[in-house]
Amino acid sequence: MPREIIAAGLEQRYGSSVVLRVPEWRVAAGERWLVVGSSGSGKTTLLHLLAGLLTPSAGALSVLGADLRSLAGRTLDRWRSRNVGIVLQALHLVGHLSVRANVRLAQYLAGLPQDDAAIDSALASLGVADKAERLPRELSQGEQQRVAIARAVVNGPALLLADEPTASLDDESAVRAADLLIEEARRRQATLVVGTHDARLKSRFEKTLVLRK
Ligand SMILES: Nc1ncnc2c1ncn2[C@@H]1O[C@H](COP(=O)(O)OP(=O)(O)OP(=O)(O)O)[C@@H](O)[C@H]1O
Ligand SMILES: [Mg+2]
């Protein structure tokens, strides 16, 4: 199955300290995983490894059939922008660009042609189509999060990653943010991996990976 994620003996070290150890982990295409663990257990580190933003210190990691240790530089950037959608805790929307232009940026960075229909459909499926011409600061926190999810999915990634998508939200909005990610992943038949310490989300995911310090 080329679209699987397979980790074996995966380790991330900083100096002499091992901050993440994943002896064995297999994620089939289309599965929805919650990665849980206390602060410092390595959730963000694992998501960064999956996105090819970090290189593993040891072990094997194959993501959607790509051996990430064999990709580097622009090839890796291109692979990431076409295959992986990422929603980080800090949303990183560009302040002086409209919502539409923020989403278009993902197409541009992936070297894909401008596709307004894909932008409109991503914004619409997340319920923010009417905000397309606004600046991020003119949106609520929850709306900004929806735009960040739209930007993550606009290129049709096979893998959708989200880091603490619920941290700054109240209970109801947190559950809604998780549901949006699940819904987008399902609609697009993408694999979803969400990192959180938020136990509220557990029941919504079919699989859980627990990280320990
Ligand atoms: N660049 C770095 N240099 C040294 N140590 C680091 C670096 N980045 C992360 N760490 C350490 O790695 C460990 C795991 O960090 P990580 O951010 O993955 O945890 P986390 O589970 O996401 O925590 P949180 O719930 O607080 O976001 C922590 O102990 C952290 O201090
Ligand atoms: Mg983290």
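Residues numbered from 1 in each chain as written. Chains lettered and ligands numbered in written order. Predicted model: local features only at pLDDT ≥ 70, side-chain atom pairs only at ≥ 80, totals over all residues. Heavy atoms only, no water.

(A) Spatial organisation of the pattern of salt bridges. If you walk through the whole model with that rule in mind, you get 15 salt bridges. Glu-11 is the partner of Arg-21 in a salt bridge, and the nearest nitrogen-oxygen pair spans 3.4 Å. In this pair, Arg-21 sits in strand β2 (residues 17-27) while Glu-11 sits in strand β1 (residues 5-14), placing the two residues ten residues apart along the sequence. Residue classification places Arg-21 among the exposed residues on the basis of a relative accessible area of 55%. One continuous salt-bridge network, built from bridges that share partners, spans Arg-100, Arg-104, Asp-116, Asp-120 and Glu-133. (Salt bridge = Lys/Arg side-chain N within 4 Å of Asp/Glu carboxyl O. Helix = DSSP H or I, 4+ residues; strand = E, 2+ residues; numbered from the N terminus. Buried < 20%, exposed > 50% of the residue type's maximum accessible area, 1.4 Å probe, protein only.)

(B) Fine view of the sheet that holds strand β5 (residues 66-67). Reading across from one edge, β2-β1-β4-β5 is the order of the four strands in this open sheet, with antiparallel pairing throughout. In this open sheet, the two strands that pair with only one neighbour each are β2 and β5. As judged from the five bridges shared by β1 and strand β4 (residues 58-63), these two strands associate in the antiparallel manner. What sits directly across from Ala-7, in β4, is Leu-61. Relative to the sheet, helix α1 (residues 43-50) contacts β1, β2 and β4, its axis offset from that of β2 by approximately 60°. (Pairing = 2+ DSSP bridges. Contact = heavy atoms within 4.5 Å. Axes fitted to C-alpha atoms, helices over the stretch in contact; angles between N-to-C directions.)

(C) Geometry of the site of ligand 1. Residues in contact with ligand 1, as listed here, are Tyr-14, Val-19, Ser-38, Ser-39, Gly-40, Ser-41, Gly-42, Lys-43, Thr-44, Thr-45 and Glu-164. At a separation of 2.8 Å, an oxygen atom of ligand 1 approaches a polar backbone atom of Gly-40. With respect to ligand 1, the backbone of Gly-42 contributes an N or O atom lying 3.0 Å from an oxygen atom. Relative to its unbound accessible surface of 640 Å², ligand 1 loses 56% to contact with the protein. With three residues, α1 is the single largest residue contributor to the shell around ligand 1. (Near = heavy atom within 4 Å. Polar contact = N/O pair within 3.5 Å; in protein donor to acceptor, adjacent residues only side chain to side chain. Areas by Shrake-Rupley, 256 points an atom, 1.4 Å probe, with all protein chains shown as cover.)

(D) The arrangement of empty space enclosed by the protein in detail. Tallied over the full model, the rule gives one cavity of 30 Å³ or more. Here the largest cavity is characterised by a volume of approximately 50 Å³. Around the largest cavity sit Thr-44, Leu-47, His-48, Ile-86, Val-87, Leu-88, Leu-161, Ala-162 and Asp-163, which together line it. Looking at the lining of the largest cavity, the elements that each hand over two or more residues are α1, β6 (84-87) and β7 (159-163). Counted by class, the lining of the largest cavity contains six nonpolar, two polar and one charged residues. (1 Å grid on protein atoms, 1.4 Å probe; cavity = no way out; pocket = protein on both sides within 12 Å on 5 of 7 lines; lining within 4 Å. Points joined across faces, edges and corners; volume = space filled by probe spheres on them. Nonpolar A, V, L, I, M, F, W, Y, C, P; charged D, E, K, R; others polar.)

(E) View of the environment of Leu-123. Mapped onto the elements, Leu-123 comes out in helix α4 (residues 116-125). Distance from Leu-123 to Gly-111, taken between C-alpha atoms, is 20 Å for residues twelve residues apart in sequence.

(F) Expanded view of helix α5 (residues 141-153). The end-to-end C-alpha distance of α5, which contains 13 residues, comes to 19 Å, matching closely the 18 Å that a straight helix rising 1.5 Å per residue would cover. Taking burial as the measure, the 13 residues of α5 include ten buried ones, the bulk of the element. Of all the residues in α5, the buried ones are Gln-144, Gln-145, Arg-146, Val-147, Ala-148, Ile-149, Ala-150, Arg-151, Ala-152 and Val-153. Packing partners of the buried residues in α5 comprise β6, α3 (99-109), α4, β7 and α6 (171-187). (Expected span 1.5 Å × (residues − 1).)

(G) Representation of the layout of surface pockets. Taken as a whole, the largest pocket holds about 500 Å³ of empty space. Sorting the residues of the lining of the largest pocket by element identifies α2 (73-83), β6, α3 and α5 as the ones contributing at least two each. Here the lining of the largest pocket gets four residues from one element, more than from any other, and that element is α3. When the residues that make up the lining of the largest pocket are grouped by side-chain class, the tally is ten nonpolar, five polar and three charged.

(H) The arrangement of α3 in detail. Where α3 is concerned, the buried positions are Val-99, Arg-100, Ala-101, Asn-102, Val-103, Ala-106 and Gln-107. Next to the buried residues of α3 lie α4 and α5. Positive phi shows up at Gly-111, right after α3, with a value of about 70°.

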